[in-house]
Amino acid sequence: MTAICPNCGFDLTRDEPMHVGGYHYDPRGGFSVGGVAIPLTPKEIELAGALFRARGRIIPYDALIDRLDVTDRVVISVHVRRIRKKFNEAGMFNPIGVAHGTGLFWGGQPFVDGGAA
């Protein structure tokens, strides 16, 4: 597993609970937004958590592939689509952004537009 993002230096191994604004991430319990639990699988929790903890930095696809121990970008894209669907079904905005050809990032609230860091 790649421990440090080669582009931004973010440590991808720090899995600790994090609460910012109405978003709460716990690597053992998953995600909740405004107190509403988002039912994610363990791989989805790991992917969404890595992006959330990176606070808007772009995490390269290669680092995410290593982190999730998957075969390629297609598998990452499938997980992203499922995460977005689950956030939408819960009535929540899912701010996973795509830096085309580069990687993924957690955009929008709570890290952009005056959100607490």
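In the block above lies the structure referred to throughout.
These numbers were taken from a predicted model, which means no experiment stands behind them.

(A) View of the overall build of the protein. Assigned secondary structure in the protein consists of three helices and seven strands. In sequence order, the protein lays out its α and β elements as β-β-β-β-α-β-α-α-β-β. By the burial criterion, 44% of the 117 residues in the protein qualify as buried. Considering only contacts within the protein whose residues lie at least 6 apart along the sequence, 57% involve residues at least 24 apart. For the protein, the exposed surface amounts to about 5900 Å²; the carbon and sulfur share of it is 52%.

(B) Representation of the sheet that holds strand β7 (residues 103-106) within the structure. A sheet is described by the order of its strands in space; here three strands give the open sequence β5-β7-β6, paired in antiparallel fashion. Strand pairing shows two members of the sheet lacking a second neighbour, β5 (59-60) and β6 (96-99), which therefore form its edges. Where β5 meets β7, two bridges bridge the pair, whose relative direction is antiparallel. Across the sheet, residue Ile59 finds its bridge partner in β7, namely Leu104. Here helix α1 (residues 42-53) sits on the sheet and contacts β5, β6 and β7; the angle it forms with β7, its principal contact strand, is near 70 degrees.

(C) Region of interest: the nonpolar core. Ranked by size, the top nonpolar core spans 29 residues in total, and within it Phe31, Leu47, Ile76, Phe87 and Trp106 carry the most contacts. Looking at this core, the elements with two or more residues in it are β1 (18-20), β2 (23-26), β3 (30-33), α1, α2 (61-68), α3 (73-89) and β7.

Rules used in this analysis
Residues numbered from 1 in each chain as written. Predicted model: local features only at pLDDT ≥ 70, side-chain atom pairs only at ≥ 80, totals over all residues. Heavy atoms only, no water. Helix = DSSP H or I, 4+ residues; strand = E, 2+ residues; numbered from the N terminus. Buried < 20%, exposed > 50% of the residue type's maximum accessible area, 1.4 Å probe, protein only. Contact = heavy atoms within 4.5 Å. Areas by Shrake-Rupley, 256 points an atom, 1.4 Å probe, with all protein chains shown as cover. Pairing = 2+ DSSP bridges. Axes fitted to C-alpha atoms, helices over the stretch in contact; angles between N-to-C directions. Core = buried A, V, L, I, M, F, W, Y, C linked by side-chain atoms within 4.5 Å.

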